[in-house]
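Understanding the architecture of this molecule
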Amino acid sequence: MPNIQSMADAIRFLAIDAIRKAGEGHQGVPLGMAEIAATLYANHLKVAPEDPLWPDRDRVVLSNGHGSMLLYALLHLSGYEKVSLEALKSFRTLHSVCAGHPEIEQDAGIEITSGLLGQGIACAVGMAVAEERLAARFGRDLVNHRTWAFVGDGCLQEGMGQEAISLAGHLQLGRLTFLWDDNQITDDGDTALSISEDVPARFRAAGWHVVPVDGHDIDAVDTALTAAKADPRPSLIACRTTIARGIPRLQGQRGGHSAPLTVEDTQEARAARNWPHTAFHVPQEVYDDWRCAMDQGAQARTDWMARLATHPEKEEFTRWMTGALPTGWADALPGSCEEPRATILSSGDICDALTRVLPESIVLCADLEAPTNHKRSRVAFTPANRAGTYVHCGVREHLMGAMVDGIAAHGGLRPINVTYLAFADYERPAMRMAALMGLPALFAFSHDSIGVGSNGPTHQPVETLAGYRAMPNMRVFRPADAVETREAWHIALETGDGPSMLALSRQDADQVRSDTSENLTRFGAYVLAGPEQDRDLTLIATGTEVGLAMQARETLAPLGIRTTVVSMPCWELFEDQPAAYQAQVLGDAPRIAIEAALKFGWERWLRPTDRFIGMTGFGASAKAPALYAHFGITENRIVEAAKELTGR
């Protein structure tokens, strides 16, 4: 039998030594959770360090990501090649796999980037949903793993933490377990400074299985983990711990969180824990215990590989897990539309078509099934039907965005997030994390402008596009019509190294394109109408305002003003084009940009003498036509500006 206490102390002292060498770090978590983590890995976890990307591995999420040395020590001791002893010694240095907070590197065992408290456990809920959905499709012979999350007080104090508790309990995600580091200390001091409720009672009320334990009692933790695996409900193991356990000066104190460690601290800790070994030295017998603990996962992987080799669904399972698109999938996407149609409806047409050609797609929506129109023939994912591909997330956008990240990081499914653009700010941290991690997630937003109408300025996202266009590795699409919507979906589904965001209209959009033979949205911007050379004026527009630009062009033609209309559905893709192409599209003539949003950012495409027609502040409450007229986003205003710029 392995000596789990020695395994735990190896975690403890590798963390102390790495943090001491780096001169900074958060020792509270790895020292306080060492026994919990060692017990999980020794007796319950199913992973294969020699094959970190094995699809049926258990997923481990360090939601309290500031305690990253807990995860790095675990990965090193378990035998993950990329997390070597030298890697631990490089903790918090440039390009180290052992970054200050975990940064996704799944071939090193780091499942997701974490650190923004609450995001990790919300991602874990998404991972648990992915596991259930994949198991429903391919069976338990191929999909039979669990999701474990190390959780701190901060994760449960963040609002999205309660959203995660609530929905996971409702969906009865029984393969999800939270290991709560209940040390009663936050960065400010005792948790009593800011919280007094019965936290486990919140879980019980939401239908979770809850077991309180002494987090340093290995037998008690082991028994609780066994019970969690046997219970059909999601489980909380509430582990009462001592922060920074093992350092006499800091254990149980506020400074245990991240106070700088001294040489004396390391010496006193070694004496207190009877660990006489030098810095970064782990006895071979302890390494042997860790390697022995991994044997159960190695055997499980060997057995799984044998099952996969003869499984009738091997090819399709592999396609889902690798994210490959099936041959001819794009042929099923709807084409052009003759009548004016809201782009959110065109997007719904596409999403519905995907149920047949991309059954791995899964939609998450925040209580807006009817107005966003992306459910249609999809069936709800419920405790009774894990084969469903539509997750009713309720009014929980913070959670929903992070669940999308978790599903994408898990692999095997293509998550699609659907809500109003005004609520994108609820999801911004998760969308930022998707961009940071390079996850292939799709965020589709309806009600993209003042065209929302009489719901008023709270629901009119005039500043949101600018904020997301400023985000690195986020492609923002604002399609003009059904064809551009189709093209944006096509690009998003082919993009494997980052998320895409679609800003879609509630109001009808003029159909400005009919030819689907070439995906012009790939260029980010292109000449939609008018000459590329010998132009007098260039109108640049996005979304529903492209239709306005086309109307203005028709009005300007009899005046002798040769007008070129440029549709710019995706700034980021246009920025990727060669300078010569950008110059060819934009031309040298005066430019007018038209967008029912703020000007911020348009300076990238406009010169000081050019004009912008759009919003200068928040919207108002009225029908869309009245608002467009009130704020001057009209054909007449475009025509007047064109006359002024061209001197006609």
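Everything that follows concerns the structure shown earlier in this document.
What you see is a predicted model; the values in this text were computed from it and never measured. (Residues numbered from 1 in each chain as written. Predicted model: local features only at pLDDT ≥ 70, side-chain atom pairs only at ≥ 80, totals over all residues. Heavy atoms only, no water.)

Some words on the sheet that holds strand β9 (residues 361-365)
Within a sheet, neighbouring strands are paired by backbone hydrogen bonds and run either parallel or antiparallel to one another. In spatial order, the strands read β10-β9-β11-β12-β14-β13; together these six strands make up an open sheet with parallel pairing. Single-partner strands in this sheet number two, and they are β10 (390-392) and β13 (475-477). In this sheet, neighbouring strand axes are inclined to one another by 20° on average, regardless of whether the strands run parallel or antiparallel. Two strands pair when backbone bridges link them, and β9 and strand β11 (residues 414-420) are joined in this way by five bridges, in the parallel orientation. Among the inter-strand pairings, Ile-362 is bridged to a residue of β11, identified as Pro-415. Helix-sheet contacts for helix α17 (residues 397-410) involve β9, β11 and β12 (442-446), and the interaxial angle to β11 is about 165°. (Pairing = 2+ DSSP bridges. Helix = DSSP H or I, 4+ residues; strand = E, 2+ residues; numbered from the N terminus. Axes fitted to C-alpha atoms, helices over the stretch in contact; angles between N-to-C directions. Contact = heavy atoms within 4.5 Å.)

Things to note about the packing of helix α1 (residues 4-22) against helix α3 (residues 34-43)
As a packed pair, α1 and α3 sit with axes 8 Å apart at the nearest point and diverge in direction by 125°. Regarding the angle of α1 to α3, the classification is oblique. Note on packing geometry: the crossing formed by α1 with α3 is right-handed. When α1 is examined against α3, the residues Ile-4, Gln-5, Met-7, Ala-8, Ile-11 and Arg-12 are found in contact with a partner set consisting of Ala-34, Glu-35, Ala-37, Ala-38, Thr-39, Ala-42 and Asn-43. Among the residues forming the contact of α1 with α3, the class breakdown is eight nonpolar, three polar and two charged. (Parallel < 35°, antiparallel > 145°, perpendicular 65-115°, else oblique. Left-handed = near helix turned anticlockwise from the far one by under 90°. Nonpolar A, V, L, I, M, F, W, Y, C, P; charged D, E, K, R; others polar.)

Quick look at the packing of aromatic side chains
Counting across every chain of the model gives 18 aromatic pairs. Measuring from centroid to centroid gives 5.4 Å for Phe-13 and Trp-275, while their planes differ by 5°, and the two rings are stacked. Taken together, the residues span a long stretch of sequence, with Phe-13 in helix α1 and Trp-275 in the loop between α11 (263-273) and α12 (284-293) at a distance of 262 residues. Looking at Phe-13, the relative accessible area reads 1%, which means it is buried. Classification of Trp-275 by relative accessible area gives buried; the value is 5%. Seen from their ring centres, Phe-178 and Trp-208 are 4.9 Å apart, and the 50° between their planes marks the pair as tilted. Within this pair, whereas Phe-178 is found in strand β3 (residues 176-182), its partner Trp-208 is found in the loop between α9 (199-205) and β6 (209-214), the two being separated by 30 residues in sequence. Classification of Phe-178 by relative accessible area gives buried; the value is 0%. Through pairs of rings, three or more aromatic residues link up here, namely Phe-523, Trp-571, Phe-574, Tyr-581, Trp-602, Trp-605 and Phe-612. The ring of Phe-138 has Arg-137 sitting right over it, with the charged end atom 4.5 Å from the ring centre. Taking NZ or CZ as reference, Arg-469 lies 4.0 Å from the ring centre of Trp-571, over its face. (Phe/Tyr/Trp six-rings, centres within 6.5 Å; stacked < 30°, edge-to-face > 60°. Buried < 20%, exposed > 50% of the residue type's maximum accessible area, 1.4 Å probe, protein only. Lys NZ or Arg CZ within 6 Å of the ring centre and 35° of its normal.)

Observations regarding the layout of surface pockets
Size it by volume and the largest pocket reaches roughly 540 Å³. Looking at the largest pocket, it is lined by 28 residues, and the ones nearest its centre are Met-321, Thr-322, Gly-323, Gly-411 and Gly-412. Broken down by secondary-structure element, the contributors of at least two residues to the lining of the largest pocket are α13 (295-309), α14 (314-322), α17, β11 and α20 (482-494). The element best represented in the lining of the largest pocket is α14, accounting for five residues. Grouping the amino acids of the lining of the largest pocket by side-chain chemistry returns 14 nonpolar, nine polar and five charged. (1 Å grid on protein atoms, 1.4 Å probe; cavity = no way out; pocket = protein on both sides within 12 Å on 5 of 7 lines; lining within 4 Å. Points joined across faces, edges and corners; volume = space filled by probe spheres on them.)

Brief notes about the packing of α3 against helix α10 (residues 218-230)
α10 packs onto α3 with a crossing angle of 55° between their chain directions and a minimal axis gap of 9 Å. Looking at the two axes, α3 sits oblique to α10. In the packing of α3 onto α10, the handedness of the crossing is right-handed. Of α10, the residues touching α3 (which contributes Glu-35, Ile-36, Thr-39, Leu-40 and Asn-43) are Ile-218, Val-221, Asp-222, Leu-225 and Lys-229. For the contact of α3 with α10, the class distribution of residues is five nonpolar, two polar and three charged.

Here's the deal with the environment of Ala-15
Relative to the assigned elements, Ala-15 resides in helix α1. Take Ala-15: its relative accessible area is 0%, and that puts it in the buried class. Distance from Ala-15 to Gln-27, taken between C-alpha atoms, is 6.7 Å for residues twelve residues apart in sequence. The contacts of Ala-15, once residues within four sequence positions are left out, are Pro-30, Leu-31 and Met-69.

Notes on the pairing of β12
Consecutive side chains along a regular strand alternate between the two faces of the sheet. Along β12, five of the five residues are buried, which leaves the element largely enclosed by surrounding structure. Side chains Leu-442, Ala-444 and Ser-446 of β12 all project onto a buried face; the interleaved residues Phe-443 and Phe-445 project onto the opposite face, where all are buried too. Sheet topology places β11 next to β12; five bridges connect them, and they run parallel. Bridge assignment links Thr-419 to a residue of β12, and that residue is Phe-445. Between the parallel elements β11 and β12, the chain passes through helix α18 (residues 424-437) in a crossover that is right-handed. In the sheet, β12 pairs with strand β14 (residues 500-503) via four bridges, with the strands oriented parallel. Within β14, the residue paired with Phe-445 across the bridge is Ala-503. (Right-handed = clockwise from strand over helix to strand, strands pointing away.)

Remarks on the nonpolar core
Ranked by size, the top nonpolar core spans 80 residues in total, and within it Val-129, Leu-173, Leu-176, Phe-178, Phe-203, Trp-208 and Leu-364 carry the most contacts. With twelve residues, the single largest contributor to this core is helix α6 (residues 119-138). In contact with Leu-364, not counting residues within four places along its chain, are Val-391, Cys-393, Met-400, Met-403, Val-404, Ile-407, Pro-415, Ile-416, Asn-417 and Val-418. (Core = buried A, V, L, I, M, F, W, Y, C linked by side-chain atoms within 4.5 Å.)

Some remarks on the sheet that holds β3
Strand order across the open sheet formed by five strands is β1-β2-β3-β7-β6, with parallel pairing between neighbours. Since the sheet does not close on itself, it has two edges, and those belong to β1 (59-62) and β6, each with one partner. Strand after strand, the sheet turns through a mean of 15° between neighbouring axes, direction not considered. Summarising the sheet, β6 and strand β7 (residues 235-240) pair through six bridges and their orientation is parallel. In the strand pairing of β7, His-209 is matched with Ser-235. Packing of α10 onto the sheet brings it into contact with β2 (147-151), β3, β6 and β7, and relative to β6 it is tilted by some 170°.

Overview of unusual backbone geometry
Even without being a glycine, Gln-184 presents a positive backbone phi close to 60°. Looking at the element boundaries, Gln-184 is found in the loop between β3 and β4 (185-186). With relative accessibility at 35%, the residue Gln-184 sits in the partly exposed group.

Brief notes about the side chain of Ser-114
Considering the arrangement of structural elements, one finds Ser-114 in the loop between α5 (85-89) and α6. At a separation of 2.6 Å, a polar atom in the side chain of Ser-114 contacts the main-chain carbonyl oxygen of Leu-62. Apart from the residues lying within four places of it in its own chain, the contact partners of Ser-114 are Leu-62, Ser-63, Gly-65, His-101, Pro-102 and Met-433. (Polar contact = N/O pair within 3.5 Å; in protein donor to acceptor, adjacent residues only side chain to side chain.)

Let's talk about empty space enclosed by the protein
A full pass over the atoms with the stated rule returns three cavities of 30 Å³ or more. There is about 70 Å³ of room inside the largest cavity. Every residue along the wall of the largest cavity is listed here: Tyr-41, Val-47, Pro-52, Arg-57, Asp-58, Val-60, Leu-75, Tyr-80, Gly-109 and Glu-111. Taken together, the residues of the lining of the largest cavity sort by class into six nonpolar, one polar and three charged. Roughly 60 Å³ of volume is contained in the second largest cavity.

That's the geometry; what it means functionally is another story.
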